[in-house]
Amino acid sequence: MDLTGRSAIVTGGAGGLGAATVRHLAGLGVGVAVFDRDGDRAQELAKELGDAVVGVAGDTTEDADVEAAIEAARSVGTLSIVANIAGGATGGGRTLAKDGTPMDKAIFVDTMAMNAFGTFNVTRLAAAAMAGNEPDDHGQRGVVVNTASIAGIEGQAGQIAYGAAKAAILGMSLPLARDLAPVGIRVCAIAPGTMGTPIMLSAPDALKQRLEADIQFPKRMGRPEEFALLVESIVRNPYLNGENIRLDGALRFPPK
């Protein structure tokens, strides 16, 4: 996709992977709506990057907030890119604790909402907006890049909620690509491994060494800039569609 005159929504845009993606897209001349629950951080990043970047506070599961992000993106270009990076977990734990207590259902429901439902909600509303774009030479009107995790493929013990939520995002890729093909919108997902976000880099050295132990090469955590580079690659390559792409240095999670 030719990026001239385009704009993007980056959900979770004030976080580690999100902010790196915002910076990268802005550096390519793309207008960006930084959509994040932390409105202050979103505004700070927008102010740093200039008039073509706007901060929007909101929740991906709330339609009115998503519509505000769509309008903000349209104010700085033709909305053609959605990078769904918002997510996380409200807690972990096993299905049954050591004492036999079942996991709190709310943890599972909330984690599914902030990942799977939030991703779908932004995609459906943004796709409706992008469907009105003029198609390019490839017939493209937009690109959606979702964020899963290798936990959605080989979730560890204690990751039942997070693993299920990220597996749901991986499971959306092909049906979304098929659903949106008639309007020229491509959909792919990135499944990162252990990424060196500010939160991860602030962990104790012993924990970081354990997390890096099974990474094959490069023998380090992934860099947020490498995630952003893959977002760009997906956006630029018109034949990438319906794919789930690992970004993990050949890491395979052990059972626990």
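Just so it is clear, the structure is predicted and the values come from calculations on it, not from any experiment.

Engineer: Looking at this model, I keep getting lost on helix α3 (residues 63-74). Mind explaining?
Structural biologist: A turn of α-helix holds 3.6 residues, and therefore any two residues three or four places apart point the same way. In this model α3 runs 17 Å from its N-terminal to its C-terminal C-alpha over 12 residues, within 8% of the 16 Å that 1.5 Å per residue would give. Contact partners of the buried residues in α3: β1 (6-11), β2 (31-36), β3 (53-57), β4 (78-84) and α4 (105-130).

Engineer: Got a minute to help me understand the pattern of salt bridges in this structure?
Structural biologist: Pairing is possible between side chains that carry opposite charge, provided their charged atoms lie close to one another. Tallied over the entire structure, the rule returns 10 salt bridges. Between Arg-74 and Glu-71 there is a salt bridge, and its shortest N-O distance comes to 3.3 Å. Residue Arg-74 and its partner Glu-71 are both found in helix α3; the two are separated by three residues, about one turn of the helix. Residue Arg-74 is classed as partly exposed on the basis of its relative accessible area of 42%. Owing to a relative accessible area of 46%, Glu-71 belongs among the partly exposed residues under this scheme. Of the charged contacts in the structure, one is a salt bridge between Asp-205 and Lys-208, with a shortest N-O distance of 3.5 Å. With Asp-205 and Lys-208 both in helix α8 (residues 205-212) and three residues apart, this pair spans about one turn of that helix. The exposure class of Lys-208 is buried, given its relative accessible area of 17%.

Engineer: What am I meant to see in the sheet that holds β4 here?
Structural biologist: Strand-to-strand pairing in sheets goes through backbone hydrogen bonds, with the strands running parallel or antiparallel. Ordered in space as β3-β2-β1-β4-β5-β6-β7, the seven strands form an open sheet in which the pairing is parallel. Looking at which strands have only one partner, the edges of the open sheet turn out to be β3 and β7 (244-247). The mean angle between the axes of side-by-side strands here comes to 20 degrees, regardless of whether they run parallel or antiparallel. As paired elements, strand β6 (residues 185-192) and β7 share four bridges and run parallel to each other.

Engineer: How do you make sense of the environment of Ala-33 when you look at a structure like this?
Structural biologist: Along the chain, Ala-33 falls in strand β2. Exposure remark for Ala-33: the relative accessible area of 0% places this residue in the buried category. Expressed as a C-alpha distance, the spacing of Ala-33 and Ala-131, which sit 98 residues apart in the sequence, is 18 Å. Apart from residues no more than four positions distant in its own chain, Ala-33 is found in contact with Ala-8, Ile-9, Val-10, Val-54, Ala-69, Ala-72 and Ala-73.

What counts and how
Residues numbered from 1 in each chain as written. Predicted model: local features only at pLDDT ≥ 70, side-chain atom pairs only at ≥ 80, totals over all residues. Heavy atoms only, no water. Helix = DSSP H or I, 4+ residues; strand = E, 2+ residues; numbered from the N terminus. Expected span 1.5 Å × (residues − 1). Contact = heavy atoms within 4.5 Å. Salt bridge = Lys/Arg side-chain N within 4 Å of Asp/Glu carboxyl O. Buried < 20%, exposed > 50% of the residue type's maximum accessible area, 1.4 Å probe, protein only. Pairing = 2+ DSSP bridges. Axes fitted to C-alpha atoms, helices over the stretch in contact; angles between N-to-C directions.

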